[in-house]
Every structure is written in structure tokens, then in C-alpha cells.
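Coordinate analysis (summary)
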Amino acid sequence: MKKIVFVIAALAAVVSCQKAETVYTGETVQLSFRVSREATANDTKAALSGTSVVFEDNDKLSVFDGTSNNIFQTTNGGDEALFTGSAADAASYLVVSPYNENYVQQSASVLRFSIPEYQTATPGSADPNALISIGKAFKGNSVTLYNAVALVEIVVPGGLEVKQIQVAGAKGATVGICGEFTFNANEKTLTPVSMKNVIYLNPKEGDDLIAPGTYYVAIRPKPDFDNGFAIAFVNSSNQLYKRTTDNKTLVIERGHIAPMGELNTTDYSASTSTGRATLRYADGGVQFTGTLKTLAGGAGGFNDVDTKIKKIVFMAHTLYPAGSVVSNGPNSDVQIHARIEGTTVYVCTEAPRIDFYSTSTRLFKNFAALEEVEFNDVSTMNSAVLDYLFDGCTSLKSVKFGNADFSKVTNFSYMFYNATSALEYVDFGETATTAATTMQSMFNNNQNLKYLNLGPNFTLAAAHKNMFLDTARQTSIDAAGDDAKKCQLYASQAFYDDAKVVEDNDHYTQFNPARFLFHAQ
């Protein structure tokens, strides 16, 4: 098999990365290209050419030949590196760093790619997966890779505990800084396809905090970020500290760095270290359930049926530069906002958590297309009632309560009732249910349930009639003795023993051990 050989010089980026391989088979030709660095002006915004750039051993590129995305890899890194691989014979090639199996070539000169919403903090650099540079190569000619992103520089000082850094373009306005884009290698231009408003810089896997140092966030280049930037960080207590830049209009060019300075607790104000964000849904004015349906294009009545929203994600201590207020009523001194992206709704507050109001009956009523809900940093007021929580959510498949605190909930009755046909996955995390007085029909008729994690702190309420009536019935009906096909139940041994006890008609859980494979926690 013949090979295409690329001789690669330093890129106009900070580091490179490795991705999973794919295999290409087909007719190939031998080619040689020399790649040089893009020249960048040395101006007040700082140019990437002022940053040392090297390839690492075993780095990979994407080479597009018009029909396939081919891996080219180097053995030895450095300022210049030899990349080799195989591709089809073509008039021209799009060369992209780093390799990514999800990139899409749209024409001989245009690539579709994504600037990640979630990026990993890399000391002295940016997330390699976000440092995208692209060039067009011809047979026998040199090729230059051009930066498709700009960078924001942020310094984490010693002594400051930082769990996450958030960057948002334009205070209070709808301005996308990440998401899907196309890049024209001929014109060196970026065109938005589908954008998001906030980028989250997280610690590397296994770390709880971002270590002191200088970090870069890859963002969409834009000549007119009106009202500048909003920068925030979350400390180890989940408190959000934020500030906005003084720039009325911030210019960030492709291939440049915008220095945002050092994080601190003087210029950055604590958004709400003790403030409360309480989610209400029936205040006559602002209300959660109706406002979400309005965001999705519906009439917005509490009983109206929504057929668009497929996923709802709750996110506390989070910037919300754009969106609608969905709760700002009594018992709350911090607004809760929501924004819709496609079929996903993000419910956000700058407070450390989102509290459900004491009466939250049918909070998700008639979200008929809803398939998935994720709760992050959610808790409740005292004596909270969550009965019929997902009433009318007939497409619901997965509910993840994460680190939710439901220790103040008294009423769980019929929580998943009338969400029976699709529900497969429920995970309560490690929440305690010590205040619960009733769990009547909580999982009644959830016949297709495949995974139920109640966690080690879930205890059975005194009233629990029909809690598991017909639960997992279809999951196990065809199991033929195969434990792997039963509903996987994770709970404490005490809960399992209590649930199996046969009592009188008013206290019979209807729990059928034959339908579950129990895992003690």
C-alpha cells in the first residue's frame, strides 16, 4: 500500500492531542507536504506566535480526501514532525489538527467541527481537543494550518480553591461562544451552525480542583462581543463568583489571546453565598411549568401538553447570560432562568442550589416528549410534596437525581405514575428519605423498568401501599430465569427486607423479588 507523507512544522496552537483511531482501506498515492505556522501579528491582545508550540510523540491529524477522514500520525514530536498515513488520491486535502472522528468535510475547503462546551483545564495551555487548526493541501505544495479558534487567558492564583471556571460572551445578551461551526480554509472564516452561550473549564479527570496556574479557554473568534465578557468561578463550597469585563465591545480575533487576568474574591463578587433560589410553578405570574412550555413554542398553560422538550437539566451555581426567568417568586431571593437549545432545556441559577417549593405536585405535568431529566444540586423546602411529579410524562425513560437532597420530602406518592410506558432508568444517588411519610404507588405500573438505584440511604416510608405494583413486569416476563434481564435493583439490605414483607392491604408494597436482581449497598 502506498502512503501519503506529510512533513509538519509547528502549528499556531499551544498543544496537540490524541484520539481514537479509525481504519481506512482504499487506493492510495504517495505525497509530501511541508506545513508551516500561520503568521500572526504581535499586538496588544497577544499573539499565539509568542507561545512555544510543539508536537508530542504519537500525535494525530485528520486528513480528508473528499470521502473519508484519515488518521495521520507522527512518531517523534517537536517543532517539526513527520506525519504519515494513507488516503485516497485527490486534487486537494483538508488537514486538521487534532484528529477527531466527528469532524465532517462539507466541501474541498470547508470543515464542520465543534468548539467544546466543556473543556479540560490544561496548565499553561488549553484543552488539546479545543485547539483546532485547519489547512488545505495540494499535491507537491506546502500547507499552512490556520487557527479556527481564539483563546481567553485566565490565571488561577495560589490559595484560591476553584472547582470550575465559566466564560460567557456578552453580559445579559444572547451571544454564542461555542458549539458547531464551519471553517473555510480558503477564506480563513468561521460561520456559526448551532451555538451555546457558556463554556465550562473543568479540572482534569480525577481532580476536584483546578490547580494554580495559567489556563486558556478556546472560544469562537468574534470582532464585537458587545458588553464584553462575563467570567466566573465556582469555589469548593459551590459558591459562584463572577465579574464582567469593562469593555463595552470586546474584540477577540482568530489566533489571538485575550488576557482576562487573575481570579480573586475582590474583583469577583459572590453571586449568592447564602441566597435561596426556590422553584415555584403556580404563582400566577412567573411559573416553571408553563414558562418551559412557552419556551418550547406552546401555549404555556399548566395543563397544556408539550411535545418538543426531550431533556431537562438542572444546573446550580451557573452563569445564565441568556434565557427566560422561570421562577422569582416568594421564598426566593435569587432568580432561576431557563434556556432551550434544540430539544434540551437548561434550568440555571447562580445560587449554590435549586430548592423545590414545599408544594411541587405535578411539577413536570404533561411534558409528553420528555425522555430524560438530570438533577444537579437540587434540594427541597421543609415538608416538600413531590406527588405525581412526572404526571403525563409518557415518554420518560431516564431520571438521574445525582446529588439531590430529598431528606425533607414527606410525600413521594405516585411520583412516576402515568409515566409508565417508557421508564427504564431511575437513580436516586445517595439521598436520604428520612422525612418521607408516604410512598404509595411510587413506581406503580412502571412495567419496563430496567435499572433502579435507590441508594444506601433510601428508607421505606410508613405508608407504601402498591409502591411496586406491576413494577418491572415486562422486564422480567421474558427473562426465562436470566438474571441479567431482570430489573437491576440497588438498595440497602434493610430496604430490600422491608419491601419484601407481606403486610395487610393498606401496607402491602406488592414487591415481587422474582422481577428484580438485588445488589446490596
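Calculation notes
Residues numbered from 1 in each chain as written. Predicted model: local features only at pLDDT ≥ 70, side-chain atom pairs only at ≥ 80, totals over all residues. Heavy atoms only, no water. Pairing = 2+ DSSP bridges. Helix = DSSP H or I, 4+ residues; strand = E, 2+ residues; numbered from the N terminus. Axes fitted to C-alpha atoms, helices over the stretch in contact; angles between N-to-C directions. Contact = heavy atoms within 4.5 Å. Buried < 20%, exposed > 50% of the residue type's maximum accessible area, 1.4 Å probe, protein only. Salt bridge = Lys/Arg side-chain N within 4 Å of Asp/Glu carboxyl O. Core = buried A, V, L, I, M, F, W, Y, C linked by side-chain atoms within 4.5 Å. Phe/Tyr/Trp six-rings, centres within 6.5 Å; stacked < 30°, edge-to-face > 60°. Lys NZ or Arg CZ within 6 Å of the ring centre and 35° of its normal. pLDDT = per-residue confidence, 0-100. Patch = residues over 30% accessible without salt bridge, like charges linked within 9 Å, V, L, I, M, F, W, Y side chains within 5 Å. Areas by Shrake-Rupley, 256 points an atom, 1.4 Å probe, with all protein chains shown as cover. Lys, Arg positive; Asp, Glu negative; His and termini not counted. Charge placed at Lys NZ, Arg CZ, Asp CG, Glu CD.

**Examining the sheet that holds strand β28 (residues 344-348)**
Strand order in the open sheet formed by 10 strands is β26-β27-β28-β25-β30-β33-β35-β36-β37-β38, and the pairing between neighbours is mixed. Every interior strand has two partners, whereas the edge strands, β26 (324-327) and β38 (516-520), have only one. If you compare each strand with its neighbour and ignore which way they point, the axes differ by 15° on average. Pairing geometry for strand β30 (residues 372-374) and strand β33 (residues 398-400), over three bridges, is parallel. From the neighbouring strand, V373 faces β33, where its bridge partner is V399.

**What to know about the environment of D391**
Examined against the element boundaries, D391 turns out to sit in the loop between β32 (384-385) and β33. Sequence separation between D391 and N418 is 27 residues, and the spatial gap between their C-alpha atoms is 5.4 Å. Contact partners of D391, with chain neighbours within four places excluded, come to R362, F364, K365, N366, Y417 and N418.

**Some thoughts on helix α1 (residues 288-295)**
Within α1, six of the eight residues are buried, which leaves the element mostly enclosed by the surrounding structure. For α1, every residue scored as buried is listed here: F288, T289, G290, T291, L292 and K293. Two residues or fewer after α1 comes G297, characterised by a positive phi angle close to 95°.

**Some thoughts on the sheet that holds strand β19 (residues 229-234)**
Whether parallel or antiparallel, the strands of a sheet pair through hydrogen bonds between backbone atoms. Strand order across the open sheet formed by six strands is β9-β16-β13-β19-β20-β23, with mixed pairing between neighbours. Two strands close off the open sheet at either side, each with one partner strand: β9 (118-120) and β23 (269-270). Bridging between strand β13 (residues 164-169) and β19 involves six bridges; their strand directions are antiparallel. Paired with Q166 across the bridge in β19 is A232.

**Re the pattern of salt bridges**
Evaluation of the coordinates by the stated rule reveals 15 salt bridges. Measuring nitrogen to oxygen at the nearest pair gives 3.8 Å for the salt bridge that ties K196 to E341. Note that K196 is positioned in strand β15 (residues 189-196) and E341 in strand β27 (residues 336-341), a separation of 145 residues in sequence. What makes E341 buried here is its relative accessible area of 16%. In this structure, the salt-bridge partner of D355 is R276, at a minimum N-O distance of 3.2 Å. Taken together, the positions of D355 in strand β29 (residues 354-356) and R276 in the loop between β23 and β24 (278-279) put the pair 79 residues apart, joining distant regions of the chain. Note on D355: relative accessible area 1%, which makes it buried.

**What to know about the pairing of β28**
Burial runs high along β28: five of the five residues are buried. Counting the residues between successive antiparallel strands, the hairpin from β27 to β28 contains two residues, one of them, G342, with a positive phi of roughly 70°.

**A few points about the nonpolar core**
Counting 65 residues, the largest nonpolar core has F314, F364, F390, F416 and F428 as its most contacted members. In contact with F364, not counting residues within four places along its chain, are F288, I312, F314, L370, V373, F375, L389, F390, D391 and C393.

**Looking at the packing of aromatic side chains**
How two aromatic rings sit relative to each other is given by the distance of their centres and the angle of their planes. All told, the structure shown has 33 aromatic pairs when counted by the stated rule. Here K188 stacks its cationic end above the ring of Y146, 4.5 Å away from the centre of that ring. For K293, the ring lying beneath its charged end belongs to F367, and the centroid distance is 5.3 Å.

**Quick notes on the confidence of the model for the protein chain**
Looking at the protein chain as a whole, its pLDDT mean stands at 84, while 84% of the residues score no less than 70. Low pLDDT, under 50, characterises residues 1-26; the stretch is placed with 118 contacts to residues that sit more than four places away or in other chains. Low confidence marks residues 39-52, where pLDDT is under 50. Its contacts with residues over four positions away, or in another chain, come to 29 contacts.

**Looking at a negative patch on the surface**
There is a patch of like negative charges on the surface, built from D497, D498, E503, D504 and D506. Mapped onto the secondary structure, E503 falls in the loop between α3 (493-500) and β38. When its relative accessible area of 35% is taken as the criterion, E503 is described as partly exposed.

**Section: the pairing of β13**
Among the six residues of β13, six are classified as buried, and the element is accordingly described as predominantly covered. Residue alternation in β13 divides its side chains into two sets, Q164, Q166 and A168 and I165, V167 and G169, and both sets are buried. Summarising the sheet, β13 and strand β16 (residues 198-202) pair through four bridges and their orientation is antiparallel. For Q166, the partnering residue across the bridge sits in β16 and is Y200.

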